[in-house]
Structure formats: structure tokens, C-alpha cells
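The residues making up each chain are set out below.
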Amino acid sequence: MEKTQTLIIGAGISGLSTAAALGDADYLVLDADSAIGGYCKTTKQDGFVWDYSGHFFHFKNPEIEAWLRERMQGQDIITCEKKSFVAYGGDWIDFPFQKNIHQLPKADMIDCLHDLYFAKSNAKEEGSFLDMVYSRFGKSISEKFLVPYNEKLYACDLGSLDKDAMGRFFPHADVDDVVRNMKTPDNQSYNASFTYPQGGAIEYVNAIASAVRPDAICLNEALIGIDLERKVARTTLREIAFDRLVSSAPFNRLAQFAGLDYNDEVFTWNKVMVFNLGFDRKGPKEVHWVYYPDRALEFYRVGFYDNIFDTDRMSLYVEVGLPRDAEVDFEGTRARVLEGLAREGLIDGHELVSEHSLVMDPAYVHINQQARAEVDRLNVTLKAHDVHSIGRYGGWTYCSIEDNMIEARALVASWHEG
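Since we're looking at a predicted model, the values are computed, not measured.

Novice: Is there a simple way to explain the environment of Val 86 in this structure?
Specialist: Positionally, Val 86 belongs in strand β6 (residues 84-88). On the basis of relative accessibility, which here comes to 0%, the residue Val 86 falls in the buried class. Separated by 28 residues in the primary sequence, Val 86 and His 114 have C-alpha atoms spaced 21 Å apart. Not counting chain neighbours up to four residues away, the residues in contact with Val 86 comprise Asp 91, Trp 92, Ile 93, Phe 95, Phe 97, Phe 145, Val 290, Tyr 291 and Pro 293.

This is the structure:
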């Protein structure tokens, strides 16, 4: 039987960051796919550069950004000041919606401001995400944007999500913020500026991988079981004994691999269909992405790679949220997506010259008290056997790519300190 000190499941950002932090230590990285990157893979086709979905980087830690850039010599890294909008009533208003209601038609603006002013915010009664938006923003802002948009994104009843399911990524605002923004715009958010490599998100993955031993990355090898007592992992190719195991696989799958008794019903998520579309000529300028709350439209967000790269052909990513058990109908959805893009005026006689599509499953995990409690309970057993579940899916959380790197580094540092 083969033996390694640290067995790492998943060659995405979290797994590779763990390996990179281990330096010269003994480790193996396994991934079921044929290439590294997880959801940060990039497709380059017919002169277009598309990620598996829009991955834009918002670094808060200068050391991490500098570390990555040192390993990206010769790669042009573009820095953009975000330009994002909400499509509403045949026009675009600045994002976030709740801070820019003064840009709405007069009657809609009055409704939103009135309901916001009289909203009865009471944190004790905010048991869910749905409760939170109604309590803090009132009926009009909630029903014109926050509820329909997030229902399209999460493809679920928002009452099933925790009030802080999006954590620091949700743009909060109170009456004072909204009124102040009418005269002095301040739409700053965690991603007010972002960076993006000329070669796509995979270039950041490659930068991390440059600090990982190539012979320690084992592709086309899937985990199928873990014997916690023996500390042995079974894969599609072999058995591997380990001292510790780090997994970025979805938490419920890790629990299944480890043979734990767990409540599978509390772990829910949605799928996202991504259509990467390349057209023969330019479309709207001065925009990076647009949010679409209109339930009559198939998609909830459209992003513009061409306005990042400053190219002369429109290059879009279009995202469609689906329940986890929904059947995937690429052809039918694609047709409705193109119809919607035309209806919104994004395409007008444009010729589609290249395309790429995929399904992210899982895409967004649904965060609620029941799932968190089950994760906490099961982690006691896993950590007792030196098994660690990290990352967005491994932690069953909502976080950034930089957060994943920080978490992986902190985990490895804790072993050295121990």
C-alpha cells in the first residue's frame, strides 16, 4: 500500500494552496478530473477567453497577491474598476439596487423609499434570508430586486436560507446610506475593483501550482472511500495510507466517503448553467456585468469579458440558476437565453461565432442552521481522525477564492505550530 503524510483531495484553489503551503513535505494531490483548477478552469476558443464562470479576483491581502504575481511573469494582469448594473424597467441602474433607488422611475422610487423608511428591522425576528431582506429593506426593494434576483440565483425558497447566508458579500444599506447616495454616490463593495489575467482565471491556478511538485499531482483519480480508523483512502486506482487528509470536495460527499451517519436532507444546493458566447462584433461598452431580476428572463447575470480585455468582439458569460434536481436542457435553455439577450438589446443582429457551455453542480450551497449544525457535528469526528474539510464546498459556506487560499495556509500553519 502506498503511504503519504498528507493526502489532498481536489486540485482546485484550496487543494493546490494546501500543497503549496506544505513546501517540501510529503503529500499527494488527487483530482477526478483530467486537469487542475476545479471551477477555475479556462477555455480558450476561436480567440475568446472564457472561464467556467466569471471568476474575478478581489485581493485584500497584499502578500498573497504579490506571491501570485511573482509566479506569473510575462502574464498581463488587468485591473478594473467595477462597472455593474441592475436591469430594471427597460433601463440600467447602478448596483447595488438598494442604494440607487433614486435612479428608478419616480413612482417606483417613492414606493421603495417609503417602504424602506417604515421597515421594521428586528434582528431577533430575522430567522431567514427572506425575513432579513423584508425586515431591513421593506416590501418594494425586496420584491423589485432582492427576492426575485436571489431566487433566480439560488433556485430555492429564500426562506430556507440563513439571514447571513451571503456573509460579507451582501451589500447592506440603511435609510441614511440610501439618502446620502442620492447626492454623493458611494457604491463601494468588496469587489469595487478586481484583477483578471489576460489568460483567464486558470493563470492564477497555474501560479499556485508552480509551487507544487508536479509529480505529486495525480489526475483522473477519484476518491471513492475513506477508512477513518485505518487512515486509508480508496481511489479508483489504488489504496493510499495517510497521516492526515485535506478535502475540498462537497462536505456531504466527504461524509459519505468516510461512512459517517449524517442527515443528507439538510445539504441542499443549486446548479448553474453557464453559456459562454462569442459574437462577431462589439456590444455595450463600459459595463462588466448586469444583474437581471426579471423572472421572465432565463438568466440572472450577464458578464462582459470583452470590456475587461478591451477587445472588438462581444464575449459574454450568461448564468442560469437551476434546482439541483432539474433536468438539464442545453438546447432549449440556450434558445431562451439568446431570445432574452435580444429582448434586452444586448444582441441586435450579432452573429454568434463561438460558444461553450457547462453545468456547475454544485454551484451555490444553501446555507442554513441545520446544515451548519451537521457540519459542526461531523467535523468533530473527522478532525479526531485528522481529516479536514476546507473551501467553499468543503466548508459548506460562501467565500472568495482568496479566502480559500488563506484558509489552506492557516491550516498548514496550525500543524507547524502544533
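Novice: Looking at this structure, how should I read the packing of helix α3 (residues 106-117) against helix α4 (residues 129-154)?
Specialist: Between two packed helices, what matters for the description is the angle formed by their axes and the separation of those axes. At a minimum axis separation of 5 Å, α3 and α4 run at an interaxial angle of 150°. With respect to each other, α3 and α4 are oriented roughly antiparallel. Packed against α3, whose contacting residues are Asp 108, Asp 111, Cys 112, Asp 115 and Leu 116, the element α4 presents Arg 136, Phe 137, Gly 138, Lys 139, Ser 140, Ile 141 and Lys 144 at the interface.

Novice: Just to check I follow, could you spell out α3 for this structure?
Specialist: Since one α-helical turn is 3.6 residues long, residues separated by three or four positions face the same way. Given a rise of 1.5 Å per residue, 12 residues ought to cover 16 Å, and the 16 Å separating the end C-alpha atoms of α3 matches this to within 8%. Within α3 the residues assigned to the buried category are Asp 108, Cys 112 and Leu 116. Take α3 and look down its axis: the buried residues cluster within an arc of 60°, on one side only. Of the residues in α3, the exposed ones pointing more than 90 degrees away from the buried face are Lys 106, Ala 107 and Tyr 117.

Novice: Sorry, what's going on with the side chain of His 350 here?
Specialist: You can see His 350 is positioned in the loop between α9 (330-343) and β17 (352-365). For His 350, the side chain forms a polar contact with the main-chain oxygen of Lys 282, separated by 2.8 Å. From its side chain, His 350 meets the backbone nitrogen of Asp 348 in a polar contact 3.0 Å long. Not counting the four nearest positions on each side in its chain, His 350 is found in contact with Phe 279, Asp 280, Arg 281, Lys 282, Gly 283 and Met 314.

Novice: What is the right way to read unusual backbone geometry from this model?
Specialist: Most peptide bonds take the trans form, and the phi angle of most residues other than glycine is negative. The amide bond that connects Phe 95 to the next residue, Pro 96, takes the cis arrangement and shows omega of 5°. If you trace the backbone, Pro 96 turns up in the loop between β7 (91-94) and α3. Cis geometry marks the peptide bond from Asp 361 to Pro 362, where omega comes out at 5°. Within the secondary structure layout, Pro 362 lies in strand β17.

Novice: Is there a simple way to think about the sheet that holds strand β13 (residues 269-279) in this case?
Specialist: Strand pairing in a sheet relies on backbone hydrogen bonds, with the paired strands running either antiparallel or parallel. With mixed pairing, the 7 strands of this open sheet are ordered in space as β7-β6-β14-β15-β16-β13-β17. In this open sheet, the two edge strands, each paired with only one partner strand, are β7 and β17. When strand polarity is set aside, the average angle formed by the axes of neighbouring strands in this sheet is 25°. Across 3 bridges, strand β14 (residues 289-291) lies against strand β15 (residues 301-304) in antiparallel orientation. Across the sheet, residue Tyr 291 finds its bridge partner in β15, namely Arg 301.

Novice: I'm lost on the pairing of β7 in this one. Help?
Specialist: Side chains on a regular strand alternate between the two faces of the sheet. Pairing geometry for β6 and β7, over 4 bridges, is antiparallel. Looking across to β7, one finds that Val 86 is bridged to Ile 93. Linkage of β6 to β7, two consecutive antiparallel strands, is achieved through a turn of 2 residues, within which Gly 89 is found at a positive phi near 60°.

Calculation notes
Residues numbered from 1 in each chain as written. Predicted model: local features only at pLDDT ≥ 70, side-chain atom pairs only at ≥ 80, totals over all residues. Heavy atoms only, no water. Helix = DSSP H or I, 4+ residues; strand = E, 2+ residues; numbered from the N terminus. Buried < 20%, exposed > 50% of the residue type's maximum accessible area, 1.4 Å probe, protein only. Contact = heavy atoms within 4.5 Å. Axes fitted to C-alpha atoms, helices over the stretch in contact; angles between N-to-C directions. Parallel < 35°, antiparallel > 145°, perpendicular 65-115°, else oblique. Expected span 1.5 Å × (residues − 1). Arc of directions from axis to C-beta. Polar contact = N/O pair within 3.5 Å; in protein donor to acceptor, adjacent residues only side chain to side chain. Pairing = 2+ DSSP bridges.

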